[in-house]
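# Results of the structural survey
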Amino acid sequence: MPKPIHLNLFIQSRGHHETSWDHPGADTRSLMDLSYYQDLARRAEAAKFDSIFFADVLMVTNDAAESGRYWPEPITLLAALAASTERIGLIATGSCTYSEPYNLARQFASIDHLSNGRAGWNIVTTWVEAVAANYGTSHTNHGDRYDKGEEFVSTVKDLWDSWADDAMVDDRSGGGVSGDLSRITPINFKGKYYQVAGALNVPRTPQGRPVLVQAGASDRGRDFAAKHAEAIFTAHLEKETAQEFYKDIKARAKDFGRDPSQTVILPGLNPVVGGTEAEAKQNLLDLNSRMDPEVGRRTLSQRFAGHDFSHLDLDEPLKVSDFPDPDKLETMKSRAALIVRIVGNEGLTLRELLARFAGGRGHYTTAGTPEQIADLIEDWCTDGAADGFNVMPPVIPLMMDPFIDEVIPLLQKRGLFRTEYVGVTLRENLGLDRPKSRFFPD
Ligand SMILES: Cc1cc2nc3c(=O)[nH]c(=O)nc-3n(C[C@H](O)[C@H](O)[C@H](O)COP(=O)(O)O)c2cc1C
(Lines give C-alpha, C1' and ligand atoms only; values in the text may rest on other atoms or scores of the structure.)
Protein backbone atom coordinates (compact mmCIF):
# COMPACT_ATOMS: atom_id res chain seq x y z
CA MET A 1 0.00 0.00 0.00
CA PRO A 2 1.65 3.32 -1.04
CA LYS A 3 1.99 6.12 1.52
CA PRO A 4 -1.15 8.30 1.32
CA ILE A 5 -0.55 11.80 0.00
CA HIS A 6 -2.05 15.05 1.26
CA LEU A 7 -3.59 17.83 -0.79
CA ASN A 8 -4.34 21.39 0.27
CA LEU A 9 -6.27 23.80 -1.97
CA PHE A 10 -4.77 27.29 -1.83
CA ILE A 11 -7.64 29.63 -2.68
CA GLN A 12 -6.57 33.09 -3.76
CA SER A 13 -8.87 35.57 -5.50
CA ARG A 14 -9.99 34.15 -8.88
CA GLY A 15 -6.84 32.07 -9.24
CA HIS A 16 -3.09 32.31 -8.76
CA HIS A 17 -2.27 33.69 -12.20
CA GLU A 18 -1.95 37.46 -12.07
CA THR A 19 -4.31 37.78 -15.06
CA SER A 20 -7.01 35.52 -13.58
CA TRP A 21 -9.14 38.42 -12.35
CA ASP A 22 -10.70 39.08 -15.79
CA HIS A 23 -10.01 35.72 -17.44
CA PRO A 24 -13.07 34.38 -19.31
CA GLY A 25 -12.71 31.11 -17.38
CA ALA A 26 -12.80 32.79 -13.96
CA ASP A 27 -15.79 33.03 -11.66
CA THR A 28 -17.48 36.42 -12.02
CA ARG A 29 -18.75 36.82 -8.46
CA SER A 30 -17.44 39.57 -6.24
CA LEU A 31 -14.42 38.55 -4.17
CA MET A 32 -16.41 39.72 -1.15
CA ASP A 33 -19.30 37.32 -1.91
CA LEU A 34 -19.46 34.54 0.70
CA SER A 35 -21.17 32.16 -1.74
CA TYR A 36 -18.00 32.13 -3.90
CA TYR A 37 -15.91 30.78 -1.01
CA GLN A 38 -18.67 28.45 0.19
CA ASP A 39 -18.92 26.84 -3.25
CA LEU A 40 -15.14 26.39 -3.47
CA ALA A 41 -14.88 24.97 0.05
CA ARG A 42 -17.72 22.50 -0.58
CA ARG A 43 -16.22 21.48 -3.92
CA ALA A 44 -12.81 20.90 -2.28
CA GLU A 45 -14.52 18.91 0.48
CA ALA A 46 -16.37 16.73 -2.03
CA ALA A 47 -12.99 16.09 -3.71
CA LYS A 48 -11.57 15.07 -0.26
CA PHE A 49 -8.81 17.69 -0.05
CA ASP A 50 -7.24 17.69 3.42
CA SER A 51 -7.74 21.42 3.72
CA ILE A 52 -8.27 24.79 2.11
CA PHE A 53 -5.95 27.71 2.82
CA PHE A 54 -6.12 31.51 2.68
CA ALA A 55 -3.00 33.72 2.63
CA ASP A 56 -2.91 37.32 3.87
CA VAL A 57 -1.07 40.60 3.33
CA LEU A 58 -1.76 43.48 5.67
CA MET A 59 -1.78 46.28 3.13
CA VAL A 60 -3.01 47.25 -0.34
CA THR A 61 -0.26 46.19 -2.73
CA ASN A 62 -0.12 47.08 -6.41
CA ASP A 63 -1.41 43.53 -6.92
CA ALA A 64 -4.72 44.45 -5.29
CA ALA A 65 -5.59 47.01 -7.92
CA GLU A 66 -3.79 45.49 -10.91
CA SER A 67 -4.40 41.78 -10.43
CA GLY A 68 -7.54 41.67 -8.31
CA ARG A 69 -5.63 40.45 -5.25
CA TYR A 70 -7.90 41.18 -2.29
CA TRP A 71 -10.06 39.06 -0.05
CA PRO A 72 -12.07 39.03 3.18
CA GLU A 73 -10.02 38.90 6.37
CA PRO A 74 -9.06 35.17 6.44
CA ILE A 75 -9.86 34.26 10.08
CA THR A 76 -13.33 35.79 9.70
CA LEU A 77 -13.72 33.84 6.46
CA LEU A 78 -12.78 30.58 8.21
CA ALA A 79 -15.54 31.16 10.76
CA ALA A 80 -18.09 31.49 7.98
CA LEU A 81 -16.76 28.41 6.17
CA ALA A 82 -16.77 26.35 9.39
CA ALA A 83 -20.54 26.60 9.23
CA SER A 84 -20.67 25.69 5.52
CA THR A 85 -18.55 22.51 5.61
CA GLU A 86 -18.18 19.43 7.80
CA ARG A 87 -14.93 17.62 7.17
CA ILE A 88 -12.39 19.74 5.34
CA GLY A 89 -9.54 21.45 7.23
CA LEU A 90 -9.60 25.26 7.40
CA ILE A 91 -6.25 27.08 7.39
CA ALA A 92 -5.76 30.85 7.59
CA THR A 93 -2.74 33.10 7.86
CA GLY A 94 -2.07 35.09 11.03
CA SER A 95 0.93 37.38 11.52
CA CYS A 96 3.20 37.15 14.57
CA THR A 97 4.57 40.59 13.84
CA TYR A 98 1.24 42.41 13.69
CA SER A 99 -0.98 40.63 16.20
CA GLU A 100 -1.03 39.78 19.91
CA PRO A 101 -0.71 36.16 21.08
CA TYR A 102 -3.80 36.35 23.26
CA ASN A 103 -6.01 37.62 20.42
CA LEU A 104 -4.72 35.13 17.91
CA ALA A 105 -4.81 32.13 20.29
CA ARG A 106 -8.41 32.96 21.12
CA GLN A 107 -9.47 33.36 17.47
CA PHE A 108 -7.98 30.06 16.27
CA ALA A 109 -9.16 28.19 19.38
CA SER A 110 -12.67 29.44 18.69
CA ILE A 111 -12.52 28.36 15.04
CA ASP A 112 -11.29 24.94 16.18
CA HIS A 113 -14.32 24.58 18.46
CA LEU A 114 -16.81 25.92 15.93
CA SER A 115 -15.50 23.57 13.22
CA ASN A 116 -15.20 20.48 15.48
CA GLY A 117 -11.42 20.37 15.20
CA ARG A 118 -10.58 21.55 11.68
CA ALA A 119 -8.56 24.74 12.26
CA GLY A 120 -4.98 25.41 11.14
CA TRP A 121 -2.85 28.55 11.60
CA ASN A 122 -0.35 29.54 8.90
CA ILE A 123 2.26 31.32 11.00
CA VAL A 124 3.87 34.23 9.16
CA THR A 125 6.26 36.95 10.27
CA THR A 126 5.19 39.29 7.40
CA TRP A 127 8.03 40.00 5.01
CA VAL A 128 6.48 42.97 3.12
CA GLU A 129 8.26 46.07 4.41
CA ALA A 130 5.55 48.62 3.68
CA VAL A 131 3.08 46.87 6.03
CA ALA A 132 4.91 48.42 9.01
CA ALA A 133 3.55 51.87 8.19
CA ASN A 134 -0.01 50.56 8.60
CA TYR A 135 0.84 49.66 12.19
CA GLY A 136 2.68 52.86 13.08
CA THR A 137 6.04 51.13 13.28
CA SER A 138 9.09 50.36 11.16
CA HIS A 139 10.00 47.09 9.45
CA THR A 140 11.65 44.57 11.77
CA ASN A 141 14.69 42.84 10.33
CA HIS A 142 14.55 39.18 9.30
CA GLY A 143 16.30 37.69 12.37
CA ASP A 144 14.36 39.79 14.89
CA ARG A 145 11.08 38.85 13.19
CA TYR A 146 11.88 35.18 13.73
CA ASP A 147 13.00 35.84 17.37
CA LYS A 148 9.70 37.57 18.06
CA GLY A 149 7.84 34.83 16.18
CA GLU A 150 9.45 32.17 18.39
CA GLU A 151 8.15 33.86 21.50
CA PHE A 152 4.78 34.49 19.95
CA VAL A 153 4.30 30.82 19.05
CA SER A 154 5.46 29.59 22.47
CA THR A 155 2.96 31.94 24.14
CA VAL A 156 0.12 30.80 21.88
CA LYS A 157 0.92 27.13 22.56
CA ASP A 158 0.91 27.81 26.32
CA LEU A 159 -2.43 29.59 26.04
CA TRP A 160 -3.93 26.66 24.14
CA ASP A 161 -2.52 24.34 26.84
CA SER A 162 -3.85 26.41 29.74
CA TRP A 163 -7.03 24.34 30.10
CA ALA A 164 -6.96 20.61 30.80
CA ASP A 165 -9.21 18.61 28.48
CA ASP A 166 -11.52 17.86 31.41
CA ALA A 167 -11.63 21.39 32.91
CA MET A 168 -15.22 21.94 31.82
CA VAL A 169 -17.23 19.69 34.09
CA ASP A 170 -20.66 21.11 33.27
CA ASP A 171 -22.32 18.99 35.97
CA ARG A 172 -25.93 20.19 36.08
CA SER A 173 -27.23 17.41 38.28
CA GLY A 174 -27.94 19.82 41.18
CA GLY A 175 -25.17 21.08 43.44
CA GLY A 176 -22.66 20.21 40.70
CA VAL A 177 -19.98 22.44 39.23
CA SER A 178 -19.53 24.22 35.92
CA GLY A 179 -15.76 24.11 35.64
CA ASP A 180 -12.83 22.82 37.71
CA LEU A 181 -10.59 25.79 38.41
CA SER A 182 -7.73 23.51 39.45
CA ARG A 183 -7.64 22.30 35.82
CA ILE A 184 -7.15 25.81 34.37
CA THR A 185 -3.81 27.55 34.87
CA PRO A 186 -2.44 31.04 34.35
CA ILE A 187 0.53 30.76 32.02
CA ASN A 188 2.61 33.59 33.58
CA PHE A 189 4.63 33.98 30.38
CA LYS A 190 7.39 36.60 30.70
CA GLY A 191 9.49 36.99 27.59
CA LYS A 192 11.46 39.73 25.87
CA TYR A 193 8.55 40.71 23.63
CA TYR A 194 5.45 39.36 25.37
CA GLN A 195 4.13 39.11 28.90
CA VAL A 196 0.92 37.15 29.27
CA ALA A 197 -0.38 36.39 32.75
CA GLY A 198 -3.62 34.49 32.58
CA ALA A 199 -5.16 31.44 31.01
CA LEU A 200 -6.97 31.66 27.70
CA ASN A 201 -10.68 32.42 27.99
CA VAL A 202 -11.55 29.52 25.67
CA PRO A 203 -11.49 25.83 26.76
CA ARG A 204 -9.00 23.37 25.27
CA THR A 205 -9.95 22.71 21.70
CA PRO A 206 -11.00 19.48 19.93
CA GLN A 207 -7.53 19.15 18.36
CA GLY A 208 -5.76 20.08 21.61
CA ARG A 209 -4.08 22.75 19.55
CA PRO A 210 -5.04 23.91 16.04
CA VAL A 211 -2.58 22.59 13.43
CA LEU A 212 0.53 24.78 13.07
CA VAL A 213 1.47 25.54 9.47
CA GLN A 214 4.51 27.48 8.30
CA ALA A 215 6.47 28.31 5.16
CA GLY A 216 9.98 29.06 6.36
CA ALA A 217 12.70 28.54 3.80
CA SER A 218 15.72 30.62 4.87
CA ASP A 219 18.05 29.03 7.44
CA ARG A 220 16.10 30.66 10.30
CA GLY A 221 12.79 29.88 8.59
CA ARG A 222 13.70 26.20 8.23
CA ASP A 223 14.62 25.94 11.90
CA PHE A 224 11.37 27.65 12.84
CA ALA A 225 9.36 25.27 10.64
CA ALA A 226 11.25 22.18 11.84
CA LYS A 227 10.72 23.17 15.47
CA HIS A 228 7.04 24.16 15.36
CA ALA A 229 5.27 23.38 12.09
CA GLU A 230 3.11 20.33 11.49
CA ALA A 231 2.39 21.21 7.86
CA ILE A 232 4.91 23.13 5.77
CA PHE A 233 4.21 25.07 2.59
CA THR A 234 7.17 25.58 0.31
CA ALA A 235 7.97 26.90 -3.18
CA HIS A 236 10.24 25.07 -5.64
CA LEU A 237 10.92 25.34 -9.35
CA GLU A 238 12.91 22.11 -9.49
CA LYS A 239 12.44 18.67 -7.95
CA GLU A 240 16.07 18.67 -6.80
CA THR A 241 15.64 21.71 -4.54
CA ALA A 242 12.41 20.21 -3.18
CA GLN A 243 14.29 17.01 -2.31
CA GLU A 244 17.06 18.98 -0.59
CA PHE A 245 14.44 20.96 1.40
CA TYR A 246 12.49 17.82 2.34
CA LYS A 247 15.57 16.00 3.60
CA ASP A 248 16.83 19.03 5.47
CA ILE A 249 13.50 19.78 7.24
CA LYS A 250 13.01 16.15 8.30
CA ALA A 251 16.60 16.08 9.66
CA ARG A 252 16.16 19.39 11.50
CA ALA A 253 12.84 18.15 12.99
CA LYS A 254 14.68 15.10 14.32
CA ASP A 255 17.38 17.35 15.80
CA PHE A 256 14.62 19.20 17.66
CA GLY A 257 13.51 15.87 19.14
CA ARG A 258 10.47 15.57 16.91
CA ASP A 259 9.19 12.62 14.89
CA PRO A 260 9.84 13.73 11.26
CA SER A 261 6.54 12.15 10.14
CA GLN A 262 4.84 14.91 12.13
CA THR A 263 5.93 17.53 9.59
CA VAL A 264 3.85 17.21 6.43
CA ILE A 265 5.72 18.93 3.58
CA LEU A 266 3.57 20.42 0.80
CA PRO A 267 5.29 22.19 -2.13
CA GLY A 268 3.13 24.46 -4.27
CA LEU A 269 1.81 23.11 -7.57
CA ASN A 270 0.35 25.25 -10.34
CA PRO A 271 -1.39 22.74 -12.60
CA VAL A 272 -2.42 23.53 -16.18
CA VAL A 273 -4.32 20.50 -17.45
CA GLY A 274 -5.04 19.72 -21.11
CA GLY A 275 -6.56 16.82 -23.07
CA THR A 276 -3.15 16.38 -24.71
CA GLU A 277 0.29 17.62 -23.73
CA ALA A 278 0.26 20.04 -26.66
CA GLU A 279 -3.12 21.45 -25.61
CA ALA A 280 -1.95 21.91 -22.01
CA LYS A 281 1.20 23.73 -23.15
CA GLN A 282 -0.90 25.94 -25.40
CA ASN A 283 -3.22 26.70 -22.46
CA LEU A 284 -0.20 27.89 -20.48
CA LEU A 285 1.12 29.99 -23.38
CA ASP A 286 -2.32 31.57 -23.85
CA LEU A 287 -2.48 32.37 -20.18
CA ASN A 288 0.96 33.98 -20.09
CA SER A 289 0.28 35.95 -23.26
CA ARG A 290 -2.36 37.93 -21.32
CA MET A 291 0.28 39.11 -18.86
CA ASP A 292 1.30 42.77 -18.58
CA PRO A 293 5.08 42.69 -18.02
CA GLU A 294 4.98 46.06 -16.25
CA VAL A 295 2.69 44.62 -13.57
CA GLY A 296 5.16 41.76 -13.15
CA ARG A 297 8.10 44.17 -13.02
CA ARG A 298 6.48 46.06 -10.12
CA THR A 299 5.75 42.82 -8.26
CA LEU A 300 9.36 41.70 -8.80
CA SER A 301 10.55 45.00 -7.39
CA GLN A 302 8.44 44.45 -4.24
CA ARG A 303 10.01 41.02 -3.78
CA PHE A 304 13.45 42.68 -3.84
CA ALA A 305 12.57 45.38 -1.28
CA GLY A 306 11.72 48.03 -3.89
CA HIS A 307 14.83 47.46 -6.06
CA ASP A 308 14.60 49.36 -9.36
CA PHE A 309 14.36 47.03 -12.38
CA SER A 310 12.90 49.71 -14.69
CA HIS A 311 16.08 50.04 -16.81
CA LEU A 312 16.18 46.35 -17.79
CA ASP A 313 15.21 45.41 -21.34
CA LEU A 314 12.40 42.83 -21.37
CA ASP A 315 14.05 40.73 -24.07
CA GLU A 316 17.71 40.76 -23.00
CA PRO A 317 19.07 37.79 -21.01
CA LEU A 318 19.27 38.63 -17.30
CA LYS A 319 22.45 38.45 -15.24
CA VAL A 320 22.75 37.53 -11.56
CA SER A 321 24.35 40.97 -11.05
CA ASP A 322 21.03 42.60 -12.08
CA PHE A 323 19.67 41.52 -8.66
CA PRO A 324 20.55 42.54 -5.12
CA ASP A 325 22.14 39.85 -2.94
CA PRO A 326 19.18 37.86 -1.46
CA ASP A 327 21.15 37.35 1.77
CA LYS A 328 21.25 41.09 2.38
CA LEU A 329 17.47 41.54 2.01
CA GLU A 330 15.14 41.90 5.00
CA THR A 331 12.14 40.57 3.01
CA MET A 332 11.51 36.98 1.82
CA LYS A 333 15.10 35.76 1.48
CA SER A 334 14.34 32.29 0.19
CA ARG A 335 12.10 33.34 -2.71
CA ALA A 336 14.59 36.01 -3.77
CA ALA A 337 17.34 33.35 -3.72
CA LEU A 338 15.17 31.04 -5.83
CA ILE A 339 14.72 33.77 -8.47
CA VAL A 340 18.44 34.55 -8.62
CA ARG A 341 19.20 30.83 -8.84
CA ILE A 342 17.07 30.26 -11.95
CA VAL A 343 18.42 33.42 -13.56
CA GLY A 344 21.94 32.02 -13.05
CA ASN A 345 21.01 28.53 -14.23
CA GLU A 346 18.78 29.30 -17.18
CA GLY A 347 19.78 32.70 -18.54
CA LEU A 348 16.15 33.83 -18.86
CA THR A 349 15.11 37.19 -20.28
CA LEU A 350 13.11 39.46 -17.97
CA ARG A 351 9.96 38.71 -20.00
CA GLU A 352 10.50 34.96 -19.55
CA LEU A 353 11.19 35.36 -15.84
CA LEU A 354 8.03 37.42 -15.37
CA ALA A 355 5.97 34.83 -17.27
CA ARG A 356 7.38 32.13 -15.01
CA PHE A 357 6.31 34.12 -11.97
CA ALA A 358 2.95 35.40 -13.26
CA GLY A 359 1.29 32.08 -12.56
CA GLY A 360 3.04 30.43 -9.68
CA ARG A 361 5.03 33.23 -8.00
CA GLY A 362 7.94 30.78 -7.78
CA HIS A 363 5.93 27.63 -7.22
CA TYR A 364 6.19 24.69 -9.61
CA THR A 365 4.09 25.16 -12.75
CA THR A 366 3.32 22.13 -14.86
CA ALA A 367 1.30 21.83 -18.07
CA GLY A 368 0.26 18.33 -19.07
CA THR A 369 -2.41 15.68 -19.35
CA PRO A 370 -4.14 14.43 -16.17
CA GLU A 371 -1.90 11.32 -16.32
CA GLN A 372 1.26 13.41 -16.59
CA ILE A 373 0.25 15.56 -13.62
CA ALA A 374 -0.69 12.49 -11.55
CA ASP A 375 2.70 10.97 -12.51
CA LEU A 376 4.51 14.07 -11.34
CA ILE A 377 2.65 14.06 -8.00
CA GLU A 378 3.38 10.38 -7.51
CA ASP A 379 7.03 10.82 -8.46
CA TRP A 380 7.70 13.71 -6.05
CA CYS A 381 5.85 11.94 -3.22
CA THR A 382 7.70 8.64 -3.65
CA ASP A 383 11.10 10.17 -4.37
CA GLY A 384 11.65 12.21 -1.21
CA ALA A 385 10.48 15.59 -2.46
CA ALA A 386 6.99 15.92 -0.89
CA ASP A 387 4.30 14.43 1.34
CA GLY A 388 1.66 15.95 -0.89
CA PHE A 389 0.97 19.28 -2.60
CA ASN A 390 -0.40 22.73 -2.04
CA VAL A 391 -2.56 23.00 -5.17
CA MET A 392 -2.71 26.52 -6.62
CA PRO A 393 -5.04 26.66 -9.65
CA PRO A 394 -4.01 29.48 -12.01
CA VAL A 395 -7.66 30.29 -12.89
CA ILE A 396 -10.68 29.33 -10.77
CA PRO A 397 -12.73 27.39 -11.72
CA LEU A 398 -11.36 26.82 -15.27
CA MET A 399 -8.09 25.27 -14.13
CA MET A 400 -9.31 23.86 -10.82
CA ASP A 401 -12.11 21.72 -12.27
CA PRO A 402 -9.90 19.42 -14.41
CA PHE A 403 -7.59 18.87 -11.43
CA ILE A 404 -10.54 17.80 -9.29
CA ASP A 405 -12.41 15.87 -11.98
CA GLU A 406 -9.49 14.20 -13.74
CA VAL A 407 -6.26 14.26 -11.70
CA ILE A 408 -7.66 13.37 -8.26
CA PRO A 409 -9.56 10.27 -9.52
CA LEU A 410 -6.30 9.00 -11.05
CA LEU A 411 -4.51 9.47 -7.72
CA GLN A 412 -7.38 7.65 -5.99
CA LYS A 413 -7.24 4.79 -8.50
CA ARG A 414 -3.52 4.41 -7.78
CA GLY A 415 -4.30 4.15 -4.04
CA LEU A 416 -2.39 7.36 -3.35
CA PHE A 417 -5.25 9.59 -2.23
CA ARG A 418 -8.25 8.98 0.03
CA THR A 419 -11.73 8.37 -1.33
CA GLU A 420 -13.25 9.12 2.09
CA TYR A 421 -12.06 11.20 5.03
CA VAL A 422 -10.42 8.92 7.57
CA GLY A 423 -10.92 11.21 10.52
CA VAL A 424 -13.01 14.03 11.82
CA THR A 425 -10.27 16.54 12.66
CA LEU A 426 -7.64 18.08 10.41
CA ARG A 427 -4.96 16.42 12.57
CA GLU A 428 -6.49 12.99 11.97
CA ASN A 429 -6.64 13.54 8.22
CA LEU A 430 -3.04 14.77 8.09
CA GLY A 431 -1.85 11.86 10.28
CA LEU A 432 -0.78 14.19 13.09
CA ASP A 433 -0.79 13.34 16.79
CA ARG A 434 -3.02 15.22 19.21
CA PRO A 435 -0.60 17.14 21.47
CA LYS A 436 -0.79 16.81 25.25
CA SER A 437 -1.19 19.97 27.30
CA ARG A 438 2.17 21.13 28.67
CA PHE A 439 0.50 21.96 31.99
CA PHE A 440 -1.87 18.98 32.22
CA PRO A 441 -0.03 16.09 30.53
CA ASP A 442 -2.08 13.38 32.32
C1 LIG B 1 2.49 28.81 0.10
C2 LIG B 1 3.02 29.97 0.86
C3 LIG B 1 2.11 30.84 1.43
C4 LIG B 1 2.55 31.97 2.12
N5 LIG B 1 1.63 32.82 2.64
C6 LIG B 1 2.02 33.96 3.24
C7 LIG B 1 1.07 34.89 3.71
O8 LIG B 1 -0.12 34.69 3.61
N9 LIG B 1 1.53 36.04 4.26
C10 LIG B 1 2.87 36.31 4.42
O11 LIG B 1 3.21 37.37 4.94
N12 LIG B 1 3.81 35.43 3.97
C13 LIG B 1 3.41 34.28 3.39
N14 LIG B 1 4.33 33.39 2.92
C15 LIG B 1 5.76 33.67 3.14
C16 LIG B 1 6.35 32.88 4.28
O17 LIG B 1 5.64 33.07 5.48
C18 LIG B 1 7.82 33.23 4.51
O19 LIG B 1 7.96 34.59 4.78
C20 LIG B 1 8.58 32.88 3.28
O21 LIG B 1 8.46 31.54 2.97
C22 LIG B 1 10.04 33.26 3.37
O23 LIG B 1 10.63 32.74 4.48
P24 LIG B 1 12.13 33.10 4.75
O25 LIG B 1 12.17 34.58 5.04
O26 LIG B 1 12.47 32.24 5.94
O27 LIG B 1 12.87 32.75 3.53
C28 LIG B 1 3.93 32.23 2.25
C29 LIG B 1 4.85 31.34 1.68
C30 LIG B 1 4.40 30.21 1.00
C31 LIG B 1 5.42 29.28 0.40
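Residues numbered from 1 in each chain as written. Predicted model: local features only at pLDDT ≥ 70, side-chain atom pairs only at ≥ 80, totals over all residues.

## Regarding the site of the ligand
As a reminder of what qualifies: Each residue receives a C-beta atom placed from its backbone. It is near a molecule or strand if this atom lies within 6 Å of it. Only DSSP runs of H or I reaching four residues or more are called helices, and only runs of E reaching two or more are called strands; each is numbered from the N terminus. When residues are grouped by polarity, Ala, Val, Leu, Ile, Met, Phe, Trp, Tyr, Cys and Pro land in nonpolar, Asp, Glu, Lys and Arg in charged, and all others, Gly among them, in polar.
In the region of the ligand, 22 residues are neighbours, and Ala55, Ala215, Ser218, Gly221 and Ser334 sit closest. If you list the elements that add at least two residues to the shell around the ligand, you get α6 (219-228), β8 (231-234) and α10 (333-346). Taken together, the residues of the shell around the ligand break down into 9 nonpolar, 10 polar and 3 charged.

## Digging into unusual backbone geometry
What counts here: Here the C-beta atoms are placed from the backbone, and a residue counts as buried if at least 20 other C-beta atoms lie within 10 Å of its own, exposed if 12 or fewer do, and partly exposed otherwise.
Following Ile396, the chain continues to Pro397 via a peptide bond in cis, the omega torsion being 10 degrees. By the secondary structure assignment, Pro397 is in the loop between β11 (388-391) and α13 (401-413). Even without being glycine, Asn116 reaches a positive phi, approximately 60 degrees. Mapped onto the elements, Asn116 comes out in the loop between α4 (101-114) and β4 (119-124). The phi torsion at Thr126 lies on the positive side, around 60 degrees, for a residue other than glycine. Position of Thr126 among the secondary structure elements: in the loop between β4 and α5 (142-160). By C-beta crowding, Thr126 is classed as buried, having 24 other C-beta atoms within 10 Å.

## What about the pairing of strand β7 (residues 211-214)?
To keep it simple, the criterion reads: At least two DSSP bridges between two strands are required for those strands to pair. Orient the strands so they point away from the viewer; a crossover is then right-handed if the path from the first strand over the helix to the second runs clockwise.
Of the two faces of β7, the one carrying Val211 and Val213 and the one carrying Leu212 and Gln214 are both buried. Relative to β7, β4 is paired through 4 bridges, and the arrangement is parallel. Pairing of Asn122 across the sheet is with Val213, part of β7. Taken together, the 2 bridges between β7 and β8 define a ladder with parallel strand orientation. By the bridge assignment, Gln214 is partnered in β8 with Ile232. A crossover connection joins β7 to the parallel β8 through α6; in handedness this β-α-β unit is right-handed.

## Notes on helix α1 (residues 34-46)
Basically, it comes down to this: In this scheme, a helix's expected span is set at 1.5 Å multiplied by one less than its residue total. An arc is given here, and it is the one of the directions from the helix axis to the C-beta atoms. Each residue gets a C-beta atom placed from its backbone, and two residues are in contact if those atoms lie within 7 Å.
Over its 13 residues, α1 extends 18 Å from the first C-alpha to the last, a length consistent with the 18 Å expected when each residue adds 1.5 Å. Buried within α1 we find Tyr37, Ala41, Ala44 and Glu45. Considered in projection along α1, the buried side chains sweep an arc of 100 degrees and stay on one side of the axis. Summarising the geometry of α1, the exposed residues directed more than 90 degrees from the buried face are Ser35 and Ala46. Next to the buried residues of α1 lie β1 (6-10), β2 (51-54) and α3 (74-82). Immediately downstream of α1, the backbone of Lys48 shows phi near 75 degrees, a positive value.

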